[in-house]
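# Inside the fold
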Amino acid sequence: MDFIIKKVDGIGYLPIVLDEYSNEIYRGEYHQKAHDAIDAALSFVDEKYCGDCNMSVDHKDFTWNHPEALKDVL
């Protein structure tokens with residue numbers, strides 16, 4: 001995944017996250033500080049993707065590949 005923080009004069013910083021194929025998967029809101037934009041992009045990835053393999057937690061095979069994820073459900 002690639003992270004882009006785009007600076008727009010007079011508006012702020014825009015966080016953008018690209019997948020491995022350079023498709024845009026997240027475009028956040030404008031932030032006044034660059035580190036807030038970085039935090040927003042990282043928070044999105046932490047919520048939506050596995051930290052070990054980058055598989056989407058919404059993927060149909062996620063629990064098959066990550067049986068430990070079922071422990072929280074049971």
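Residues numbered from 1 in each chain as written. Predicted model: local features only at pLDDT ≥ 70, side-chain atom pairs only at ≥ 80, totals over all residues. Heavy atoms only, no water.

### Topic: the overall build of the protein chain
To keep it simple, the criterion reads: For the purposes of this entry, the term helix denotes a DSSP run of H or I that reaches at least four residues, the term strand denotes a run of E that reaches at least two, and both are numbered from the N terminus. Categorising residues by exposure relies on relative accessible area from a 1.4 Å probe, with only protein chains included: less than 20% of the type maximum marks a residue as buried, more than 50% marks it as exposed, and the intermediate range marks it as partly exposed. Contacts are assigned to residue pairs with any non-hydrogen atoms lying within 4.5 Å of each other. Each accessible area is a Shrake-Rupley estimate made with a 1.4 Å probe; only the visible protein chains count as cover when residues are assessed.
Scanning the protein chain from N- to C-terminus turns up 2 helices and 3 strands. Each helix and strand of the protein chain, placed in order from N terminus to C terminus, yields the pattern β-β-β-α-α. Looking at the protein chain as a whole, 24% of its 74 residues qualify as buried. Long-range contacts, defined as pairs at least 24 residues apart, comprise 18% of the intrachain contacts of the protein chain with a sequence gap of at least 6. About 5,600 Å² of surface is accessible on the protein chain, with carbon and sulfur atoms providing 49% of the total.

### Thoughts on the pairing of strand β2 (residues 12-18)
Here is the rule: When DSSP finds two or more bridges between two strands, those strands count as paired.
Burial analysis of β2 places 6 of its 7 residues in the buried class, which makes it a mostly covered element. Summarising the sheet, strand β1 (residues 2-8) and β2 pair through 7 bridges and their orientation is antiparallel. Within the sheet, the bridge partner assigned to Val 8 lies in β2 and is Gly 12. Connecting the antiparallel pair β1 and β2 is a turn made up of 3 residues, with Gly 10 showing a positive phi of about 85°. Relative to strand β3 (residues 24-27), β2 is paired through 3 bridges, and the arrangement is antiparallel. Paired with Leu 18 across the bridge in β3 is Glu 24. Turn length for the β2-β3 hairpin, with the two strands adjacent in sequence and antiparallel, is 5 residues, and the turn residue Ser 22 shows positive phi of about 65°.

### Observations regarding the nonpolar core
As a reminder, the rule being used: Residues belong to one nonpolar core when they are buried, are Ala, Val, Leu, Ile, Met, Phe, Trp, Tyr or Cys, and are joined through side-chain atoms within 4.5 Å.
By size, the foremost hydrophobic cluster in this structure holds 5 residues: Val 17, Ala 41, Phe 44, Val 45 and Tyr 49. For this core, the element with the most residues is helix α1 (residues 34-48), which contributes 3 residues. Non-local contacts of Ala 41, meaning those with residues more than four positions away in its chain, are made with Phe 3, Pro 15, Val 17 and Tyr 26.

Any functional reading would require information that these geometric values do not contain.
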